[in-house]
Amino acid sequence: MDLTSLTIDAARSAVQERKTTALALAEAHYARIQKEDGQIGAFLTLSKERALEQADRIDRMAAEGKTLPPLGGVPVGIKDVMSTRGLRTTAGSKILEKYIPPYDCTAVMRMEAAGAVVLGKMNCDEFAMGSSNENSAYHPVRNPRDLSRVPGGSSGGSAAAVAADMAVVTLGSDTGGSIRQPASFCGVVGLMPTYGRVSRYGLIAFASSLDHIGPLAKTAKDAAIVLRAIAGRDPMDSTSADVPVPDYVAEFEKPVRGMKLGVAKEYFGEGLDDEVRHAVELAIDKLKRLGCEIVPVSLPHTPYAIPTYYIIATAEASANLARFDGVRYGHRARGVKTPSEMYRRSRDEGFGAEVKRRIMLGTYALSAGYYDAYYLKAQKVRTLLTRDFDEAFCKVDAIVTPTSPTAAFRLGEKANDPLAMYLADIYTVTADLAGIPGISVPCGETKEKLPIGLQMLGKHFDESTILRLAYEYEQA
Amino acid sequence: MKVTEKDVAHVADLANLELTDEERMAMLRDLNSILEYIDRLNELDTSDVPPMAQVSDRYGVDESKQGSERFAYANRDDILEGLRKSLPHEEALANAPDADGQFFQVPKVIER
């Protein structure tokens, strides 16, 4: 049995039936990390002690004949924006280089309660700000399919680790596409749940009205299992919703035949790569053959999504990142003589270029004289973008689009043009703004063997429908 | 150009960033290019559109109630220890760049 190519169910059953142990699974994955990650760079910190302790707990359960929880013994990775008690958490930033959280993120706690073995913390763009993982203050991540290319971002390490069999599943975070776009670039499944579905307690905040936690996985079923484990109301996060969490895997039994799928022309316009277009059109044909009805829908405000996003996300980021002041945690500049000098120099030294750029843009958009013109305007357009989806979802059950306009680009290709980089998220940001769930599943390759992603968007709290579609699409 | 060097200096000040001269020049260029793109929002008439600050007000609300009562699920009783006990002193100070075991230490606040 190849221990590093298993799905969640296969890994869990193997441990349950004593065909292997959680310890052996963890060690096989560490061996693979040792071998592969030198060139990929997906991990920032390994947590061997914690992993082996948890593996031992699971193995004892299995030895005692107890039924393992849904992720029992499954080796996972956690994006380094989620706090882990006693385990360094950097958010990909120098400012948190030595930060050891005193508590666990709820999503991580729930993963471990469900039996997952945390192998380590995944590389990402600094504070999750980026679309290529080149903004990590430590080192970039390389796409396992082609080492000259980016894995996408900001959850680039999370996507690359799953693609390279260095973890069975990982958690990522999605503020403008940061789970789905890297999933698409690396050829794995990435699920952004509905806003409020998964608690963000312990997630280092980027933009609080847009941040989501979700899984990157090898299959839709694995994503469904993880979502069920981490979803649901958490009193520690007042934005987590009190909405029942279904058994997503049980829902796979329901047929997709007769489902209505919206296709919006706004997602197939200028800027869409021909090979990506072709692959997505073939995928839509396949869904049609599965018995889905394709319905044209219009999302007319789509061209305004990126500008709206970059005002709202940066405005919220400028407020959230004000906490990094060099006092309670994080980097403090040496030899500072006044508090003001301490704030400025600590932040200057601790933050990278993209983080500073976004703090500046957000502060500008919120500053006196510009608030109405930028921030309030963007909030109003956010209403229009959300209404587009409301209207479309009166007619259809889900909407299918490309995840990204292109396949993975080369390292350095967009590094000096922030606007070009922002446009990499053109098909993903709108779902974050509206708070609806979205999933990216692999749908073929370019001639250069680079993965292409198909995105499915669902109604609020209807992850079931897009997971079922993704599952059926995968099986067909 | 909408953003001037003076604006960059002012905004850096508000954001508690110092920025080198080189960074300020790059910021001037990048902010202008991004804001120029963002200006396309002005093509839309939003005079009758309400702003949307967050997604949460779309679900879990009790429409029959007023104000914050509508979000009753998110409320909780005031309890002495909160939902989680406060961190022990030592743990709360463990990540501080400078602490004396009891307080966070910072450079002198009041200038003579």
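For chain A, the count of helices and strands is 16 helices and 11 strands. Since a compact globule built from 476 residues should have a radius of gyration of about 23 Å, the 21 Å found for chain A is in line with a globular shape. Projected onto its principal axes, the C-alpha positions of chain A cover 65 × 55 × 45 Å. Of all 476 residues assigned to chain A, the portion counted as buried reaches 63%. In chain A, of all internal contacts separated by at least 6 residues, the share reaching a separation of at least 24 is 76%.

What follows deals with the overall build of chain B. A tally of regular secondary structure across chain B gives 3 helices and 0 strands. Taken from the N to the C terminus, the helices and strands of chain B come in the order α-α-α. Compactness check: chain B gives a C-alpha radius of gyration of 23 Å against a globular reference of 13 Å for 112 residues, more than 25% above the reference. On the principal axes, the C-alpha backbone points of chain B span a range of 55 × 55 × 25 Å. Within chain B, the fraction of its 112 residues that count as buried is 14%.

So, about the environment of Phe104(B). With respect to the helices and strands, Phe104(B) occurs in the segment after helix H3 (89–93). For Phe104(B), a count of 14 C-beta atoms within 10 Å corresponds to the partly exposed category. Counting along the chain gives 12 residues from Phe104(B) to Ala92(B), while the straight-line C-alpha distance between them is 9.6 Å. If we skip the residues at most four places from it in the chain, Phe104(B) touches Val327(A), Arg328(A), Leu93(B), Ala96(B) and Ala99(B).

All names here are of chain A. Ranked by size, the top nonpolar core spans 166 residues in total, and within it Val-76, Met-111, Val-117, Val-169, Val-189, Ala-223 and Ala-470 carry the most contacts. At 9 residues, helix H10 (residues 305–320) tops the list of elements feeding residues into this core. If we ignore the near neighbours within four places in the chain, the residues touching Met-111 are Leu-71, Val-76, Ala-116, Leu-171, Ala-229 and Ile-230.

Further remarks concern the interface of chain A and chain B. Residue-level contacts link 57 residues of chain A with 46 residues of chain B. The greatest single-element share of the side of chain A that touches chain B, amounting to 10 residues, is contributed by helix H13 (residues 371–395) of chain A. Here the side of chain A that touches chain B is composed, by residue class, of 29 nonpolar, 15 polar and 13 charged.

The next subject is the sheet that holds strand S7 (residues 260–264) of chain A. Residue and element names in this part refer to chain A. The 11 strands are arranged S1-S3-S2-S4-S6-S5-S10-S11-S9-S7-S8 in an open sheet whose pairing can be described as mixed. With partners counted over all chains shown, the strands left at the sheet margins are strand S1 (43–46) and strand S8 (293–297), one partner each. Ignoring which end each strand starts from, the neighbouring axes of this sheet average 30° apart. Summarising the sheet, S7 and S8 pair through 5 bridges and their orientation is parallel. The residue bridging Gly-262 from the neighbouring strand is Val-295, located in S8. Along the sheet, helix H5 (residues 156–163) makes contact with S1, strand S2 (75–79), strand S3 (117–122), strand S4 (169–174), strand S5 (189–192) and strand S6 (212–217), crossing S4 at roughly 155°.

Residue and element names in this part refer to chain A. Geometrically, the link from Gly-153 to Ser-154 is a cis peptide bond, its omega value of 10° lying close to zero. Topologically, Ser-154 is positioned in the loop between S3 and H5. Its identity is not glycine, yet Ala-91 carries a phi of approximately 55°, on the positive side. By the secondary structure assignment, Ala-91 is in the loop between S2 and helix H4 (106–113). Overall, the presence of 32 C-beta atoms within 10 Å leaves Ala-91 in the buried class. Positive phi outside glycine occurs at Ala-128, with the angle close to 65°. By the secondary structure assignment, Ala-128 is in the loop between S3 and H5.

Rules of the game
- Residues numbered from 1 in each chain as written.
- Chains lettered and ligands numbered in written order.
- Predicted model: local features only at pLDDT ≥ 70, side-chain atom pairs only at ≥ 80, totals over all residues.
- Helix = DSSP H or I, 4+ residues; strand = E, 2+ residues; numbered from the N terminus.
- Rg over C-alpha atoms; globule rule 2.2 N^0.38 Å.
- Buried ≥ 20, exposed ≤ 12 C-beta atoms within 10 Å, placed from the backbone.
- Contact = placed C-beta atoms within 7 Å.
- Core = buried A, V, L, I, M, F, W, Y, C linked by C-beta atoms within 7 Å.
- Nonpolar A, V, L, I, M, F, W, Y, C, P; charged D, E, K, R; others polar.
- Pairing = 2+ DSSP bridges.
- Axes fitted to C-alpha atoms, helices over the stretch in contact; angles between N-to-C directions.

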